[in-house]
Structure formats: C-alpha cells, structure tokens
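Commentary on secondary and tertiary structure
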Amino acid sequence: MVVTFKVTCVEQEEWAVLQVSGELDLVTSPTLRQRVHDVVAEGRHCLVLDLSDVFFCDSSGVGVLIAARRLIRSCQGRLRLILPAQGAVDGSHVNRVLGALGVRRLFDVYAGVEEALTEEAGPLSA
C-alpha cells in the first residue's frame, strides 16, 4: 500500500490554511516544515494547520509542529491546529500523540477550519 502525503495551501482572508493528509513522519515532516517556512517567508503570519486527514504522527512530526509554533510566535503571528475529536478509534491520532507527550496544551486546537477562522470561537480545552 502506497500512502500519499500531501500539503495544500488555501488562503482565507488573513489566514493561510495548510491542509495536511497522510502520515507525518521522519520522511514527510521536512515537506511540512518547508511549507510552513514558505508561508511565513511570503509574509503570512496567521496559520492554520488542518491535520484532520493525518492518520499517523511520530516524534519528527511533533517536532515540526513545535518548530512551527516557535516560528509563528517569533513573528507575533497566530497558529491554530485542526484536530477533530472524531476520527480514528479515540479521535485524532495527532491529538492523542500530542496529549501523550504533554505538549497538546501548547497549541490552540479547533475541531474544524470554520471554527479556527472565526475570532469568536475559542479553542478546545486541552
């Protein structure tokens, strides 16, 4: 079985939404890291990472998310993650991994892109 990793960017007002699908691991995480850097280099400092379709994430993937947070914060920007509660058996795999590592609280997490782009909607609790 060949698993395709894909990152697409959609711009919505001030936000750049990177939609990520596939496995976020040692092989694919450099691609996401580069896309985040490209978006920031273009002057976009409000970023949503839609991880709804990521079904596996290892420590290198978590490292990219933490590095993205650090980069966005250095630009006084905003980073929001989409980690739906529904999905795999107990919800989003990425959500479970971030929780198990104790870093979930570092991120503003939303259930969907629409909620993340709405200023009135607050993040989900950790």
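Worth saying up front: this structure is predicted, and the values here are computed from it rather than measured.

What counts, and where the lines are drawn
Residues numbered from 1 in each chain as written. Predicted model: local features only at pLDDT ≥ 70, side-chain atom pairs only at ≥ 80, totals over all residues. Heavy atoms only, no water. Helix = DSSP H or I, 4+ residues; strand = E, 2+ residues; numbered from the N terminus. Buried < 20%, exposed > 50% of the residue type's maximum accessible area, 1.4 Å probe, protein only. Contact = heavy atoms within 4.5 Å. Areas by Shrake-Rupley, 256 points an atom, 1.4 Å probe, with all protein chains shown as cover. Core = buried A, V, L, I, M, F, W, Y, C linked by side-chain atoms within 4.5 Å. Salt bridge = Lys/Arg side-chain N within 4 Å of Asp/Glu carboxyl O. Pairing = 2+ DSSP bridges. Right-handed = clockwise from strand over helix to strand, strands pointing away. pLDDT = per-residue confidence, 0-100.

What follows deals with the overall build of the protein. Helix and strand counts for the protein come out as four helices and five strands. In sequence order, the protein lays out its α and β elements as β-β-α-β-α-β-α-β-α. Counting every position in the protein, which comprises 126 residues, the buried fraction comes to 44%. Considering only intrachain contacts with a sequence separation of at least 6, the fraction spanning at least 24 residues in the protein is 66%. With an accessible surface of roughly 6,800 Å², the protein has 51% of that area assigned to carbon and sulfur atoms.

Ranked by size, the top nonpolar core spans 30 residues in total, and within it Leu32, Leu47, Leu49, Leu51, Leu81 and Leu98 carry the most contacts. Listing elements by their share of this core, those giving two or more residues are β2 (15–24), α1 (29–41), β3 (46–57), α2 (59–74), β4 (78–82) and α3 (93–101). In terms of residues, this core owes the most to one element, α2, which gives six residues.

What follows is about the pattern of salt bridges. The full count for this structure, using the stated rule, is two salt bridges. Residue Arg78 is joined to Glu14 by a salt bridge in which the shortest nitrogen-to-oxygen separation is 2.8 Å. Taken as a pair, Arg78 in strand β4 and Glu14 in the loop between β1 (6–12) and β2 lie far apart in primary sequence, 64 residues in all. Given a relative accessible area of 27%, Arg78 falls into the partly exposed group.

For Asp53, the position within the fold is in strand β3. Once you skip the residues sitting within four places of it in the chain, Asp53 turns out to touch Val20, Ser21 and Gly22.

So, on to the pairing of β3. Pairing analysis gives nine bridges linking β2 to β3, with the strands arranged parallel. If you follow Gln19 over to β3, its bridge partner there is Asp50. Chirality of the crossover, the property in question, places the unit of β2, α1 and β3 among those that are right-handed. Strand direction decides the pairing type here: β3 and β4, joined by five bridges, are parallel. Bridging from a neighbouring strand, Leu49 pairs with Leu81 of β4.

Our next topic: unusual backbone geometry. Look at Glu13: it is not a glycine, yet its phi comes out positive at around 55 degrees. Of note, Gln76 is a non-glycine position whose phi angle comes to about 55 degrees, a positive value. Structurally, Gln76 is set in the loop between α2 and β4. With relative accessibility at 69%, the residue Gln76 sits in the exposed group.

Per-residue pLDDT for the protein averages 89, and the proportion of residues at 70 or more is 86%. Model confidence for the protein, summarised as mean pLDDT per element, is weakest for α3 at 89 and strongest for α1 at 97.

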